[in-house]
Amino acid sequence: MMTLYERFEQVVVIVLSAVIAVIVVTSLVQLIREVFMLLVLDAFNPLDHKMFQTVFGMIMTVLIAMEFKHSIVRVVMGQDSIVQVKTVVLIALIALSRKFVILDPETSPAKVAALSGAALALGIVYWLMRERDQRALDAERAAAAAQGDRHAP
């Protein structure tokens, strides 16, 4: 039985999931329309820095929204009780990667260094969390194997 608050959480997560799905679909339609118009107008040149930034910035925006939706769907399906910090760090890394893709070539070195430091810090946090999860999984497997050995004849 779910408590009233757990039901409330489920409703909020379902509504958020629907909103994000609408955003993803709308963004995808706009991306397809933009690329199609560029192809029709024969203006699409992937070697043009501005064109590359625009198209891949849009693609990465859709990917960020999809990853965010995926983390919310995991909550709805009961795999997680809340959105996991590891997922939020991953989304932040993707968003920073997008920022590097759309960065103007005239960006100051200080801004690039700050963004690089943020990416490095988030990468380290993500790696540490992954290592922690892997150690917990290994310990769980070892305990299960030890439990199986005790029951063996």
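Above: the structure in question.
The structure displayed is predicted, hence computed values, not measured ones.

Some words on the overall build of the protein
At step 1: The secondary structure content of the protein amounts to 4 helices and 0 strands.
At step 2: Helices and strands appear in the protein in the N-to-C order α-α-α-α.
At step 3: A compact globule built from 153 residues would reach a C-alpha radius of gyration of about 15 Å, whereas the protein, at 21 Å, exceeds it by more than 25%.
At step 4: Oriented by its inertia axes, the alpha-carbon framework of the protein measures out at about 75 × 40 × 30 Å.
At step 5: Here the protein holds 153 residues, and the buried ones make up 18% of them.

Examining the nonpolar core
At step 1: Val13, Ile20, Val24, Val62, Ala65 and Ile72 form the largest nonpolar core, which has 6 residues in total.
At step 2: Secondary structure elements with two or more residues in this core: α1 (4–40) and α2 (49–76).
At step 3: Non-local contacts of Val62, meaning those with residues more than four positions away in its chain, are made with Val24, Ser27 and Leu28.

Quick notes on the environment of Ile32
At step 1: Within the element layout of this structure, Ile32 appears in helix α1.
At step 2: Counting along the chain gives 26 residues from Ile32 to Met58, while the straight-line C-alpha distance between them is 9.9 Å.

Conventions we followed
Residues numbered from 1 in each chain as written. Predicted model: local features only at pLDDT ≥ 70, side-chain atom pairs only at ≥ 80, totals over all residues. Heavy atoms only, no water. Helix = DSSP H or I, 4+ residues; strand = E, 2+ residues; numbered from the N terminus. Rg over C-alpha atoms; globule rule 2.2 N^0.38 Å. Buried < 20%, exposed > 50% of the residue type's maximum accessible area, 1.4 Å probe, protein only. Core = buried A, V, L, I, M, F, W, Y, C linked by side-chain atoms within 4.5 Å. Contact = heavy atoms within 4.5 Å.

It is worth stressing that arrangement in space is one thing and function is another; only the former is reported here.
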